[in-house]
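Structural overview
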Amino acid sequence: MTRDQPPARKPPRLVTAQYLENAALHYLQRFASSSASLRRVLMRKVDRSAQAHGTDPAEGARWVEDLIARYLRSGLLNDAAYAEMRAASLHRRGTSTRAIREKLSAKGIGRDEADRALESLDEEVEGDLNLTAALALARRRRLGPYRLPDKRAEFRDKDLAALGRAGFAYDIARRVVDAEDPDSVE
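Because the structure is a prediction, the values reported are computed rather than measured. (Residues numbered from 1 in each chain as written. Predicted model: local features only at pLDDT ≥ 70, side-chain atom pairs only at ≥ 80, totals over all residues. Heavy atoms only, no water.)

**Some remarks on the UniProt feature "domain: RecX second three-helical" (unreviewed entry) in the protein**
According to UniProt, the "domain: RecX second three-helical" (unreviewed entry) feature falls on residues 78-118. The straight-line gap between the two end C-alpha atoms of residues 78-118 is 16 Å; of that span, 80% is helix and 0% is strand. (UniProt positions renumbered as here; feature names shortened; annotations may be inferred. Helix = DSSP H or I, 4+ residues; strand = E, 2+ residues; numbered from the N terminus.)

**A word on the nonpolar core**
In this structure, A134, L163, F168, V176 and V185 are the most contacted members of the largest nonpolar core, which totals 17 residues. Of all elements in the fold, only α7 (129-141), α8 (152-165) and α9 (170-178) reach the threshold of two or more residues within this core. The element best represented in this core is α7, accounting for 6 residues. Among all residues touching L163, those that are not within four sequence positions of it are A134, L137, L143, F168, A173, V176 and V177. Counting residues in hydrophobic clusters, the runner-up holds 16 residues, among them V41, L42, L67 and L77. (Core = buried A, V, L, I, M, F, W, Y, C linked by side-chain atoms within 4.5 Å. Buried < 20%, exposed > 50% of the residue type's maximum accessible area, 1.4 Å probe, protein only. Contact = heavy atoms within 4.5 Å.)

**Brief notes about helix α1 (residues 17-30)**
Along an α-helix, residues three or four apart share an orientation, since each turn contains 3.6 residues. With 14 residues, α1 ought to run about 20 Å at 1.5 Å a step, and its terminal C-alpha atoms sit 20 Å apart, in line with that. Along α1, the residues classified as buried are Y19, L20, A23, A24, Y27 and L28. Projected down its long axis, α1 shows its buried positions confined to an angular sector of 160 degrees, all on one face. In this fold, the buried residues of α1 make contact with α2 (35-53) and α3 (57-74). (Expected span 1.5 Å × (residues − 1). Arc of directions from axis to C-beta.)

**Examining the side chain of T97**
Tracing the sequence through the fold places T97 in helix α5 (residues 97-106). Relative accessible area serves as the criterion here: at 17%, T97 is assigned to the buried category.

**Looking at the packing of α8 against α9**
What describes two packed helices is the angle between their axes and the distance between those same axes. Where α8 contacts α9, the axes come no closer than 9 Å and their chain directions differ by 150 degrees. Comparing the axis directions of α8 and α9 gives the class roughly antiparallel. By crossing handedness, the relation of α8 to α9 is classed as right-handed. Along its contact with α8, which presents R152, R156, D159, L160 and L163, the element α9 presents Y170, A173, R174, V176, V177 and D178. Of the residues in the contact of α8 with α9, the class split is 6 nonpolar, no polar and 5 charged. (Axes fitted to C-alpha atoms, helices over the stretch in contact; angles between N-to-C directions. Parallel < 35°, antiparallel > 145°, perpendicular 65-115°, else oblique. Left-handed = near helix turned anticlockwise from the far one by under 90°. Nonpolar A, V, L, I, M, F, W, Y, C, P; charged D, E, K, R; others polar.)

Quick look at the structure:
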């Protein structure tokens, strides 16, 4: 092997029902997951095994569906709890409700479950959900009232644009950026 060639990849494992269960449990120990995300991970293993070993992908898909249904019944997978946890985490980071919906949708969370997760989040947070998220993002990125006072006017438009790109409405971005201090926004 020369330096120009990457090391040889080892072939994928032969997928069995037991292998998929072990892989699913190992994945769930390491990551919080929605049922759709776990399905994607396991189906990649099934597809690789089908290409490398000629196994039946339909049988592998059946094993994956049975496994996910069993985990949903037992409570090991819970899309509603995952959606609430993920929405709360994204909100603390300063993600807008629009971006939270998109990220939950990408993880396979349905519109109704995403709405419920955002409603439960709205009950926990006093005031406007987007306003508190915008303040969190401004704090993290040092925008608006978190910027040095002598630089605020110079960077006002850039701060507004940053909040706009993050998915916040103009009026919320303007309230945050034009606030004298973070406490005066409320």
